[in-house]
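This is what each chain is made of:
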Amino acid sequence: MKELLSRIIVGKDPVVESRIAHTRILLTGQVAMVGIFISLFYIIRNLILQLNVSYHYHAILLSLMILVVVLNRKGHHLAAKILFLTTTNFLIFLFSSTASYYTGSFIYFIPIFLAAFVLFGYEERTKAIFFFLLTLFLFILAHLIDLHLVPQVTLSTRKMFESFIVNFFTASFLTMLLINFLIRENYYYTKELIQNEEQLLEKNTQLIKINQELDQFVYSTSHDLRSPLSTILGLLQVMELEKEKENAGYYIDLIRNRIHALDHVIGEILDYAWNQKTGIQQDSINLHALLTEILTNFLQDEKTQKLSIEIEVPPTLEIISDRRRLKIILLNLLSNAIRYHKYDQSKPFIRVSSTIHQNQLEICVEDNGPGIHPDHQEKIFEMFYRASDKTTGSGLGLYIVKETTEKIGGTIHLRSEYGKGSSFIIQLPIVQ
Ligand code: ADP
């Protein structure tokens, strides 16, 4: 019904600049239609009852209200509004002047007062004020000044009562339509305002977080970048002072280590920036193959060869996810498990396992290394957080892992028993 009414009033594909403009156009059509119904009602009633009253006012109202609907539908919205308000003002004036007070025609002045403001809105308030003054002027002319412009129509008490009832209900309905429009607009504006405020607050919290992270980022990265450089400079000075040329290899190794540390920090910063800026990819991934590819690089290291690395992932398991991001996540977790392992035990191991449950892939990277003390477990995913003074890393790795996991819609949590080992559990939504 609402759809049909809207189709009749505005047509199939209306081009309207805003929602409020659209509702105002609908409202113009609706009030004009009420005008059509009311004029039809009086014409039919007078015909049926064969009343000896003139039909031309109602016929004028009917044809002009049809014209308003047509103009409105054709996109001449301003003309439609002006025609509606002019016609209704003058006809209500004529009805109020010709008929007795008891028919209640004057009640229409109330919705017409309101209509001027509602149809034009605050943006076109001068036009609204003009019509408001016109209505006021006509009301005074019809009721306070006895002009006798038009001949009076005399109706029986019963007909007057019937007219009063019809006029009262129609005017009330029109008033209700107009007030409903105002209340609805107010409701939508308030809702929009609350939504905007909520969005603003959310953005503000994000900004505060980003700002704090940036402060910490500048401080920590400059420290992490400078510290290996200072060590390198120091080592170069010692090398210059060193008389024994064969010791040079030792210093070169130390310098190489520091350069690797520097390279690692820069790599992590690049991963972090890339994750923030780049959109998500949907790649087809063989998880087993990806793990093997990551581990190949580590296995070249002599220390890693002491570890038993178990991959408990079906070799046929293919998933759809962001390959580069998943690689960053697994590489960081495996690199930590290798770097922080307890090598002085009989069976050091790292185990990567996977399970699938209701479109969720769970990957567990487990080790029987030193574990993480309960005091650190809550903060371990924070930016630049290091759980021990002995670590050589930047404290960025797990922060990047968490950010990257969340970017692809996953979650990560830690289960660790201090002294016994750690398990990092990632849950990812996947399409198989
Ligand atoms: P880093 O660059 O220092 O390795 P991470 O964010 O990757 O930074 O790790 C934060 C801290 O968590 C590390 O300093 C380390 O103390 C601890 N950690 C991470 N993974 C493990 C693990 N598998 N076993 C024990 N400690 C770990």
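Remember, predicted model here, so these are calculated numbers, not experimental data.

1. Observations regarding empty space enclosed by the protein
Thought 1: A full pass over the atoms with the stated rule returns one cavity of 30 Å³ or more.
Thought 2: Of the volumes computed, that of the largest cavity is approximately 520 Å³.
Thought 3: Taken together, 31 residues form the lining of the largest cavity, with Y42, H58, F95, S105 and N167 sitting closest to its centre.
Thought 4: Of all the secondary structure elements, the ones that give two or more residues to the lining of the largest cavity are α2 (19-48), α3 (56-73), α4 (77-98) and α7 (157-241).
Thought 5: With seven residues, the single largest contributor to the lining of the largest cavity is α2.
Thought 6: For the lining of the largest cavity, a count of residues per class yields 19 nonpolar, 11 polar and one charged.

2. Regarding helix α6 (residues 125-143)
Thought 1: Taking 1.5 Å of rise per residue, 19 residues should cover 27 Å, and α6 covers 27 Å from first to last C-alpha, within 8% of that figure.
Thought 2: Within α6, the full set of buried residues consists of A128, F131, L134, T135, L138, L141, A142 and H143.
Thought 3: Of the surrounding secondary structure, the elements contacted by the buried residues of α6 are α4 and α5 (109-120).

3. Observations regarding the UniProt feature "transmembrane region" (unreviewed entry) in the chain
Thought 1: In this numbering, the UniProt entry assigns the feature "transmembrane region" (unreviewed entry) to residues 21-43, 55-71, 78-95, 101-121, 128-145 and 165-183.
Thought 2: This span, residues 21-43, is 100% helix and 0% strand, and a straight line between its end C-alpha atoms measures 33 Å.
Thought 3: The distance separating the terminal C-alpha atoms of residues 101-121 is 31 Å; by composition the span is 57% helix and 0% strand.

4. Some details on the pairing of strand β6 (residues 411-417)
Thought 1: Because side chains alternate across β6, one face comprises the buried residues I412, L414 and S416, and the other comprises T411, H413, R415 and E417, none of which is buried.
Thought 2: Both β6 and strand β7 (residues 421-429) contribute to a ladder of seven bridges, which runs antiparallel. Among the inter-strand pairings, S416 is bridged to a residue of β7, identified as S422.
Thought 3: Counting the residues that bridge the hairpin from β6 to β7 gives three residues, and of these G419 lies at a positive phi of roughly 90°.

5. Some words on the domain arrangement of the chain
Thought 1: What the domain assignment reports for the chain is domain 1 (2-201) and domain 2 (281-429).
Thought 2: Centre-to-centre separation of domain 1 and domain 2, based on C-alpha positions: 71 Å.

6. Regarding the nonpolar core
Thought 1: One finds M65, V68 and F84 to be the most contacted residues of the largest nonpolar core, which totals 49 residues.
Thought 2: Residue assignment for this core shows that the elements contributing at least two residues are α1 (2-10), α2, α3, α4, α5, α6 and α7.
Thought 3: Ranked by residue count, the leading element in this core is α2, at 12 residues.
Thought 4: With sequence-adjacent residues up to four places away left out, M65 is seen in contact with A32, G35, I36, F84, T87 and T88.

7. Description of the environment of I338
Thought 1: For I338, the location among the structural elements is in helix α10 (residues 323-339).
Thought 2: In this structure the C-alpha to C-alpha distance between I338 and H260, which are 78 residues apart in sequence, comes to 16 Å.
Thought 3: Residues in contact with I338, not counting those within four places in the same chain, are F298, T304, L307, Y343 and I350.

8. Observations regarding α5
Residues spaced three or four apart along an α-helix face the same direction, because each turn holds 3.6 residues.
Thought 1: End to end, α5 covers 17 Å across 12 residues, agreeing with the expected 16 Å (1.5 Å per residue, within 8%).
Thought 2: Of the surrounding elements, those touching the buried residues of α5 are α2, α4, α6 and α7.

9. Concerning the site of the ligand
Thought 1: Near the ligand lie 21 residues; those nearest to it are N336, Y340, D367, G395 and L398.
Thought 2: One nitrogen or oxygen atom from the side chain of N336 is found 2.8 Å from an oxygen atom belonging to the ligand.
Thought 3: Take A387: an N or O atom from its main chain is 3.4 Å from an oxygen atom of the ligand.
Thought 4: In isolation the ligand offers 540 Å² of accessible surface; the protein chains occlude 97% of this area.
Thought 5: At the level of secondary structure, the elements contributing two or more residues to the shell around the ligand comprise α10, α12 (397-407) and β7.
Thought 6: Of the residues forming the shell around the ligand, the biggest block, three residues, is contributed by α10.
Thought 7: Here the shell around the ligand is built from residues that sort into nine nonpolar, nine polar and three charged.

10. Quick word on the packing of aromatic side chains
Thought 1: Enumeration over the complete set of coordinates arrives at 15 aromatic pairs.
Thought 2: Their ring planes at 75° and their centres at 5.2 Å tell us that F41 and Y42 sit as a pair that is edge-to-face.
Thought 3: On the accessibility criterion, F41 (36% relative accessible area) is partly exposed.
Thought 4: The exposure class of Y42 is buried, given its relative accessible area of 8%.
Thought 5: Ring geometry for F120 against F131: centres 5.9 Å apart, planes inclined by 15°, an arrangement best described as stacked.

Rules behind the numbers
- What you see as residue numbers is a count from 1 along each chain, following the sequence as written.
- With pLDDT at 70 or above as the cut-off, local features in this predicted model cover only qualifying residues; side-chain atom pairs require 80 or more to be listed or tallied, and sums for whole chains, interfaces and linings still use all residues.
- Side-chain descriptors were evaluated using all non-hydrogen atoms of the structure, hydrogens and water having been removed beforehand.
- Only protein atoms enter the 1 Å grid used here. Points where a 1.4 Å probe fits but cannot escape make up a cavity, open sets with protein on both sides within 12 Å along at least five of seven lines make up a pocket, and a residue lines them when an atom lies within 4 Å of a point.
- Grid points are joined across faces, edges and corners, and a volume is the space filled by probe spheres set on the points.
- Only runs of H or I of at least four residues qualify as helices and only runs of E of at least two qualify as strands under DSSP, and these elements are numbered from the N terminus.
- Polarity classes work like this: nonpolar for Ala, Val, Leu, Ile, Met, Phe, Trp, Tyr, Cys and Pro, charged for Asp, Glu, Lys and Arg, and polar for all others, with Gly in that last group.
- In this scheme, a helix's expected span is set at 1.5 Å multiplied by one less than its residue total.
- Exposed residues in this analysis have more than 50% of their type's maximum accessible area, buried residues have under 20%, and partly exposed residues fall in between, with area computed by a 1.4 Å probe over protein chains only.
- By definition in these notes, contact holds between two residues if any of their heavy atoms fall within 4.5 Å.
- UniProt positions are given in the numbering used here, feature names are shortened, and annotations may be inferred rather than shown by experiment.
- Two strands qualify as a pair provided that DSSP identifies no fewer than 2 bridges between them.
- For every domain, the bounds stem from an assignment made automatically or drawn from a database.
- In plain words, nonpolar cores are sets of buried Ala, Val, Leu, Ile, Met, Phe, Trp, Tyr and Cys residues tied together by side-chain atoms within 4.5 Å.
- Residues are labelled near a given molecule or strand when at least one of their non-hydrogen atoms is within 4 Å of it.
- Two N or O atoms count as a polar contact when they lie within 3.5 Å, although within protein this holds only if one can serve as hydrogen donor and the other as acceptor, and sequence-adjacent residues are included solely when both atoms are side-chain atoms.
- For accessible areas, the Shrake-Rupley method is used with a probe of radius 1.4 Å. Any residue's cover is judged against the shown protein chains and nothing else.
- Two rings belonging to Phe, Tyr or Trp (six-membered ring only in the last case) form a pair when the distance between their centres is within 6.5 Å. Interplanar angles under 30 degrees mark stacking, angles over 60 mark edge-to-face geometry, and anything in between is tilted.

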